[in-house]
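Residue-level structural notes
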Amino acid sequence: MKKDFLFSEINKLKGVGPQLSKYLKRKRIEKVKDIILNLPYSETDRSKIVKLNHLEIGKIQSIKVLVKKLNFPRVRNLPNKIECEDETGKIEIVYFNSREGYLRKLFPLNKFVIVSGKVSFFKKKYQITNPDYVTTIEKQDYVVKNIPKYNLTKGINEKKYRLISEQVINDLPNIDDWLEFDFIKKNNLERWKEGIKRLHNSRDSKNINSKSYRRLVFDELCANFLTLSENRKRIKKRKSPKIINNQYSENIINELPFELTNSQKKVLKDIYIDLSSENRMFRIIQGDVGSGKTIVSLLSIISIIKSGYQCALMCPTEILAKQHYNLSKKIFKNYSLNIEFLTGKTEYKKRKRILDNLKDGNIELIIGTHSLFQKKIHFKKLGLIVIDEQHKFGVQQRSDLAKKGGDDCDVLLMSATPIPRTMMMSLYGDMDISKITEKPARRKKIITLSKPEKKIKELWPFIKKQIEKNNQIFWVCPLIEDSPFLNYSSAKKKFELINKKFPNRVSLIHGSLKRDEKDIILENFLNRNTSILVSTTVIEVGIDFPNANLIIIENANKFGLAQLHQLRGRVGRGEKQGTCILLFKDGLSKNAVKRIKILKESDDGFFIAEEDLKLRGFGDLVGYQQSGVKNFRFADPVIHQDLFTLAEKYVHNINEKVNQNKYSFLLKLFDRAEIINVSEY
Ligand code: ADP
Ligand code: MG
């Protein structure tokens, strides 16, 4: 096979028409090369020819039998039957919905045939109904063997899929392996072609530590790191250095009611160096919830603006954008900045005015949602884009974004999802990373308690007291509605219960509400019109609720540690002592007890994320779905940790351009080529 053929549409293979293409698409098989990536999950053992007196009922078996008689009853719904035998016994091969002519050809009288299928026993007779294979003795090698078992979908059976997959797997192109053989051997990997063959024709695909599986993982990681490093090269291009005026931010720092933490100061310094350097800034601030990222970004913003540029601050939700808008109005009030707020809902006239003013450079800071990056928006001199809570963004979006900003525009991202190092490098490897590791000095550590669910009654007096003190409470449930299948609490049910106890003090928010409805409920809560907010975990990240000091999380063992840590970070951001109560069903596993202990003892998000990964393993990890790490099909950050490090190092040392055929092949194989537009080179 020619190498390029791998990247053709799947219907270029023999026997694949429109209908089959549709079915294959459901299995993520769209191009020929996707056959390679669709690994078998097991094997079907058809390798032994079994005598009829040794058949095992219910198993798939292969037999070699003499065709004795064909019965065609010609009555609707009655099956056709073929009587066969070997020297040890008899069997019936049964067909529903089959044509006579076809069967007569398949089963020539008094000849031997090979039949393979699931054996059953009916009215004292052995039967194989609609066998998977029937073939002549000459062709028995095709059937009598171990056959890879793929996860198939409606409309495709093993036989059909084999006809397709073998066109690829048995005819892999001879490629120029991008790995040297010495490297392969030393790191316990397999050569590319041999590896793929083994994965499809042995149990290696089930053994994620086999050489061939590791090779596939290594390739997947290389493709990922290559994409990141290319993206980085593109974005970190030379720019005209900015002359940064820090006087204003110094003044603001002096006016703040608190002292910046050392971490915050360090990050600010990183940013100033980037801004005035000759390369574009492409930096992410990683800091735990409540570590004070916003003020760092605002200080960078004022410096840029006072040096003659415009800035854009983008948030994932309107309500967070609004909060940042209000804060910046307050912080910059003595500095005569022109700040505007723009979202998808901004009405036409106002929107037009804002767009005009952005173009003329009259607006210096624009804060809003995704709508900030529509095509129609033009800036006069955009110097910095800041994006808050960016973990919902993938490489593709980051790359698009940088393009929109123009060549002289710096980019700063902020994320409050501490993640383990392996994930950090595979997600943000294209960026420079600044970590805020300290909490603001006077911040009190959140008290974390655990309680069995049945003692929920003991909570009511405590909650009552909080409400009387005008404190606010989050109440988190795993489900929106009760489910007949899952024994978890639902937000709707809980809302009804709590609302009876504290009428008119409770509100309910969950993911299936409309954006507008959610915003109203959140505003109401922010303005203290309600005291308790019952929700699922979807309530927004990033919003500062300084008055909330208690969070109750139901079925806490359902959540990952990192997720619990995130959730509890919603309280205790103000002056008041924050408390987090984890509710559990009875009978916690040892592992669960360990996890609670970690949470009680530590409030370091990075540490917790590492522990979470270790304790649960990557496969079980929830809460990272949106982060993009789950996009790996083969690599597992826990089991293949060594390969993450190895691949990172390997890519770092590549000096050739990735347009070199062998690397673009790799990128195309893992669908990364489009992200960085390899063909552009
Ligand atoms: P996050 O990092 O989660 O975005 P924020 O920037 O929203 O956190 O900050 C949370 C709260 O901490 C805000 O009310 C902010 O004013 C306050 N804060 C930020 N830095 C400090 C500091 N150095 N000392 C005390 N409070 C601070
Ligand atoms: Mg924030």
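Residues numbered from 1 in each chain as written. Chains lettered and ligands numbered in written order. Predicted model: local features only at pLDDT ≥ 70, side-chain atom pairs only at ≥ 80, totals over all residues. Heavy atoms only, no water.

Let us now look at the layout of surface pockets. Here the largest pocket defines a volume of roughly 1500 Å³. Looking at the largest pocket, it is lined by 48 residues, and the ones nearest its centre are Phe258, Leu327, Arg443, Asp544 and Arg573. Contributions of two or more residues to the lining of the largest pocket are made by α9 (247-255), α10 (262-275), α11 (293-305), α12 (318-331) and α18 (515-526). The element best represented in the lining of the largest pocket is α12, accounting for nine residues. Taken together, the residues of the lining of the largest pocket break down into 16 nonpolar, 14 polar and 18 charged. Residues from two domains meet in the lining of the largest pocket; each of domain 2 (247-436) and domain 3 (447-602) gives at least three. (1 Å grid on protein atoms, 1.4 Å probe; cavity = no way out; pocket = protein on both sides within 12 Å on 5 of 7 lines; lining within 4 Å. Points joined across faces, edges and corners; volume = space filled by probe spheres on them. Helix = DSSP H or I, 4+ residues; strand = E, 2+ residues; numbered from the N terminus. Nonpolar A, V, L, I, M, F, W, Y, C, P; charged D, E, K, R; others polar. Domains from an automatic or database assignment.)

It is worth spelling out the packing of α10 against α11 at this point. Axis separation between α10 and α11 bottoms out at 10 Å; the angle between their running directions is 30°. Taken together, α10 and α11 sit at an angle that is classed as roughly parallel. Crossing geometry of α10 relative to α11 is assigned as right-handed. Residues Gln264, Val267, Leu268, Ile271, Tyr272 and Leu275 of α10 form the contact with α11, whose own contacting residues are Ile295, Val296, Leu299, Ser300, Ser303 and Ile304. In terms of residue class, the contact of α10 with α11 is built from nine nonpolar, three polar and no charged. (Axes fitted to C-alpha atoms, helices over the stretch in contact; angles between N-to-C directions. Parallel < 35°, antiparallel > 145°, perpendicular 65-115°, else oblique. Left-handed = near helix turned anticlockwise from the far one by under 90°. Contact = heavy atoms within 4.5 Å.)

Before going further, it helps to spend a moment on the site of ligand 1. Near ligand 1 there are 16 residues, and of these Gly290, Lys293, Thr294, Arg443 and Asp544 occur at the shortest range. Note that a nitrogen atom of ligand 1 is positioned 2.9 Å from one of the backbone N or O atoms of Glu259. Here Gly290 contributes a backbone N or O atom positioned 2.6 Å from an oxygen atom of ligand 1. Expressed as a share of its isolated accessible area of 570 Å², the protein-covered part of ligand 1 is 83%. Of all the cavities here, the one that holds ligand 1 is the largest pocket. (Near = heavy atom within 4 Å. Polar contact = N/O pair within 3.5 Å; in protein donor to acceptor, adjacent residues only side chain to side chain. Areas by Shrake-Rupley, 256 points an atom, 1.4 Å probe, with all protein chains shown as cover. Sits in = over half its atoms within 2 Å of the grid points.)

Here we come to the sheet that holds strand β13 (residues 382-387). Strands pair in a sheet through their backbones, by hydrogen bonds, and they do so in one of two ways: parallel or antiparallel. As summarised here, the arrangement of the seven strands in space is β11-β12-β10-β13-β14-β9-β15, forming an open sheet in which the pairing is parallel. Each edge of the sheet is formed by a strand with only one pairing partner; in this case those strands are β11 (339-342) and β15 (432-436). With strand direction ignored, the average angle separating the axes of adjacent strands in the sheet is 20°. Where strand β9 (residues 282-287) meets β15, five bridges bridge the pair, whose relative direction is parallel. Bridge pairing links Gln286 to Lys435 in β15. (Pairing = 2+ DSSP bridges.)

Turning our attention to helix α16 (residues 459-468). Of all the positions in α16, only Leu459, Trp460, Ile463, Gln466 and Ile467 are classed as buried. Each buried residue of α16 sits inside an arc of 120° when the element is viewed along its axis, so together they form one side. Within α16, the exposed residues directed more than 90 degrees away from the buried face are Pro461, Lys465 and Glu468. Of the surrounding secondary structure, the elements contacted by the buried residues of α16 are β16 (447-452), β17 (472-476), α17 (491-501), β19 (532-535), β20 (548-553) and β21 (579-584). (Buried < 20%, exposed > 50% of the residue type's maximum accessible area, 1.4 Å probe, protein only. Arc of directions from axis to C-beta.)

For the rest of this paragraph, the subject is helix α15 (residues 421-428). Counting buried positions over the eight residues of α15 gives seven, a clear majority of the element. Of all the positions in α15, only Thr422, Met423, Met424, Met425, Ser426, Leu427 and Tyr428 are classed as buried.

Next up on the list: the packing of aromatic side chains. For any two aromatic rings, the description comes down to two numbers: the centre-to-centre distance and the angle of the planes. Enumeration according to the criterion identifies 20 aromatic pairs in this entry. Taking the centre distance of 5.5 Å and the plane angle of 75° together, the rings of Phe7 and Phe665 count as edge-to-face. Of this pair, Phe7 sits in the segment before α1 (18-26) while Phe665 is found in helix α23 (residues 661-669), placing the two residues 658 residues apart along the sequence. The same class applies to Phe7 as to Phe665, namely buried. Ring centres of Phe632 and Phe644 lie 5.8 Å apart, and the angle between their planes is 85°; on these two criteria the pair is classed as edge-to-face. Of this pair, Phe632 sits in the loop between α21 (605-616) and α22 (641-652) while Phe644 sits in helix α22, and the two are twelve residues apart along the sequence. Both residues of the pair, Phe632 and Phe644, count as buried. (Phe/Tyr/Trp six-rings, centres within 6.5 Å; stacked < 30°, edge-to-face > 60°.)

Take unusual backbone geometry next. Backbone geometry at Lys123 places phi at a positive 50°, although glycine is not the residue there. When you line up the elements, Lys123 lands in the loop between β5 (112-122) and β6 (125-129). With relative accessibility at 71%, the residue Lys123 sits in the exposed group. Although it is not a glycine, Asn130 sits at a positive phi angle of roughly 40°. Summarising the element assignment, Asn130 is placed in the loop between β6 and β7 (133-136).

What follows is about the environment of Glu158. By the secondary structure assignment, Glu158 is in helix α5 (residues 158-169). Note on Glu158: relative accessible area 18%, which makes it buried. Separated by 25 residues in the primary sequence, Glu158 and Tyr133 place their C-alpha atoms 9.7 Å from one another. Discounting residues that sit within four places of it in the chain, Glu158 has contacts with Thr44, Arg46, Tyr133, Ile147 and Leu152. Of the polar contacts made by the side chain of Glu158, one reaches the side chain of Tyr133; its length is 2.8 Å.

Turning next to the sheet that holds β21. Pairing is parallel across the open sheet formed by six strands, whose spatial order is β16-β21-β20-β17-β19-β18. Here the strands that pair on one side only, and so sit at the sheet edges, are β16 and β18 (506-509). Neighbour-to-neighbour, the strand axes of the sheet open up by a mean angle of 20°, direction not taken into account. Pairing of β18 with β19 involves four bridges; the strand directions are parallel. Within β19, the position partnered with Leu508 by the bridge is Val534.

Attention shifts here to the domain arrangement of the protein chain. The domains assigned to the protein chain are domain 1 (48-144), domain 2 (247-436) and domain 3 (447-602). A separation of 62 Å is found between the C-alpha centroids of domain 1 and domain 3.

Moving on: the nonpolar core. Core analysis: the largest hydrophobic core is formed by 66 residues, its most contacted members being Ile301, Phe332, Leu365, Leu384, Ile553 and Leu582. Residue contributions to this core peak at eight residues, all from α11. Counting 58 residues, the second-largest nonpolar core is a separate cluster that includes Ile35, Ile164, Ile175 and Ala673. (Core = buried A, V, L, I, M, F, W, Y, C linked by side-chain atoms within 4.5 Å.)

Looking now at a positive patch on the surface. The grouping of Lys465, Lys469, Arg528 and Lys576 at the surface amounts to a positive patch. With respect to the secondary-structure elements, Lys465 resides in helix α16. (Patch = residues over 30% accessible without salt bridge, like charges linked within 9 Å, V, L, I, M, F, W, Y side chains within 5 Å. Salt bridge = Lys/Arg side-chain N within 4 Å of Asp/Glu carboxyl O. Lys, Arg positive; Asp, Glu negative; His and termini not counted. Charge placed at Lys NZ, Arg CZ, Asp CG, Glu CD.)

So, on to the side chain of Thr261. When you line up the elements, Thr261 lands in the loop between α9 and α10. Apart from the residues lying within four places of it in its own chain, the contact partners of Thr261 are Glu438, Lys439, Pro440 and Ala441.

With that settled, consider the environment of Ala635. Along the polypeptide, Ala635 turns up in the loop between α21 and α22. In this structure, the C-alpha to C-alpha distance between Ala635 and Leu221, residues 414 residues apart in sequence, is 7.1 Å.

We now examine the pattern of salt bridges. Taken as a whole, this structure holds 44 salt bridges when the rule is applied. The salt bridge partner of Lys233 is Glu230, with a shortest N-O separation of 2.8 Å. Within this pair, Lys233 and its partner Glu230 are both found in helix α8 (residues 211-235), separated by three residues, close to a single helical turn. Look at Glu230 and you get buried, because its relative accessible area is 3%. Between Asp516 and Lys345 there is a salt bridge whose closest N-O contact spans 3.4 Å.

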